[in-house]
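# Survey of secondary and tertiary structure
The lines below spell out each chain.
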Amino acid sequence: MATWRSSLLGLALCVLGTLAWAQVPGAPARVVIVSSDTAAVYAQAAQALADGLVRQGVSRSDISQSFASELVIRLKSGQPPHPAIFVTLGSAATQALVEGNAQAPVLSALIPRHSFESILRSNGRTMSGRLSVIYLDQPLARQLALIRLALPQARRLGVLCGPESLDRATELKTLVSAYGLELHQAVVTQPEDFSTALPRLLNDIDVLLALADPKVFNSSTIQNILLASFHERVPLVAFSPAYVRAGAVLAVYSTPFQAGNQAADVVLGVLRGQVLPDHAIEPSDFEVGVNVNVARALGLSPDAAQLRMALRRQEHQP
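All values reported here derive from a predicted model rather than from experimental measurement. (Residues numbered from 1 in each chain as written. Predicted model: local features only at pLDDT ≥ 70, side-chain atom pairs only at ≥ 80, totals over all residues. Heavy atoms only, no water.)

The terminal C-alpha atoms of helix α2 (residues 40-55), which comprises 16 residues, lie 22 Å apart, in line with the 22 Å expected from a rise of 1.5 Å per residue. Regarding α2, the residues found buried are A40, Y42, A43, A45, A46, A48, L49, A50, G52 and L53. In the stretch just after α2, G57 is the one whose phi turns positive, near 100°. (Helix = DSSP H or I, 4+ residues; strand = E, 2+ residues; numbered from the N terminus. Expected span 1.5 Å × (residues − 1). Buried < 20%, exposed > 50% of the residue type's maximum accessible area, 1.4 Å probe, protein only.)

As a further point, take the pattern of salt bridges. All told, the structure shown has 11 salt bridges when counted by the stated rule. The partner of D167 in a salt bridge is R113, with the nearest N and O atoms 3.0 Å apart. Placement of D167 in helix α7 (residues 166-173) and of R113 in helix α5 (residues 113-123) is noted, with a sequence separation of 54 residues between them. A relative accessible area of 17% means that R113 is categorised as buried. R142 is paired through a salt bridge with E315; the nearest N and O atoms lie 2.8 Å apart. Within this pair, whereas R142 is found in helix α6 (residues 140-150), its partner E315 is found in the segment after α13 (304-314), the two being separated by 173 residues in sequence. (Salt bridge = Lys/Arg side-chain N within 4 Å of Asp/Glu carboxyl O.)

Below, the discussion takes up the sheet that holds strand β7 (residues 182-187). Taken together, the six strands give an open sheet; going across it, the order is β7-β6-β8-β9-β10-β11, and neighbouring strands pair in mixed fashion. Every other strand in the sheet has two partners, leaving β7 and β11 (287-290) as the edge strands with one partner each. Shown here is a sheet whose adjacent strand axes are inclined to one another by a mean of 25°, direction ignored. With two bridges connecting them, strand β9 (residues 236-238) and strand β10 (residues 250-253) associate as parallel partners. Bridge pairing links A238 to A251 in β10. (Pairing = 2+ DSSP bridges. Axes fitted to C-alpha atoms, helices over the stretch in contact; angles between N-to-C directions.)

Now for the environment of G289. The residue G289 is located in strand β11 in this model. What G289 contacts, discounting residues up to four positions off in sequence, is V244, V249, L250, A251 and Y253. (Contact = heavy atoms within 4.5 Å.)

This brings us to the sheet that holds strand β4 (residues 106-111). A sheet is described by the order of its strands in space; here five strands give the open sequence β2-β1-β3-β4-β5, paired in parallel fashion. Each edge of the open sheet is held by one strand with a lone partner, namely β2 (63-67) and β5 (131-135). The mean inter-strand angle of the sheet, taken between neighbouring strand axes irrespective of direction, is 20°. As defined by bridge partners, β4 adjoins β5 across four bridges and the pair is classed as parallel. Among the inter-strand pairings, V106 is bridged to a residue of β5, identified as L131. α5 rests against β4 and β5 of the sheet, and its axis sits at about 165° to β5.

Quick look at the structure:
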């Protein structure tokens, strides 16, 4: 385990060093990538972002990277960088730039919707041409389309809602009928709510859709949810590959590489004189994950590659 963690840290520092050393001494970078920490997902996204910019003609010397903790020190010292744009990866980096009142536009990426909205509320900010986001969360329409493709017999869709996902359930209500589904929801506000809400919900549904809400789906609850849904033979459709590995039947998600590439496209627009979108940007590219063993045990046989291809066709993607 120690060796694995050291490898990840080494990867992150390697990417940081590659980008930082590329900068010409004394020359301000046009793009500053700010990672929340040394996690591999941020290192991978930063590398994909930098490589995407370079492929489109941006000099690598115009790109640098920092960690949120380092940037906070520079902001407090009155010596902030002055790029054309900041790209923040994760919640801590976004929080640092928003609280520090960065003077350049800020594009936030690899951040869940609830985290970004919480940062906006706590700082009295709104999205604008100076502050925008590419959400980590997948569009609800894409998740529903995946369910219809992979589970065509399913009609009753269930969701477990917490305080931060109730608004998504409201949005779901306007979408489900278009996909031939009916929505059943249970609200969980306290840990003890699971003992009654989850069994009642599972008894009434054909498929359970996980909405990203840390009060509902977290390391303390996920195993109980997975075991209960499997026992009732209700497939769980999740939002991350980690949950697929843990026992969810399906998930649709964007990789750090895909997130970095999409951020590069937005940054290129800013470097060419455009302003940031004043609305949230949904992830464009994605992967589909399938837990083959759990699917087989439930009598299902979804194919990840075929599902991804079918979803992309529906969305008119190449």
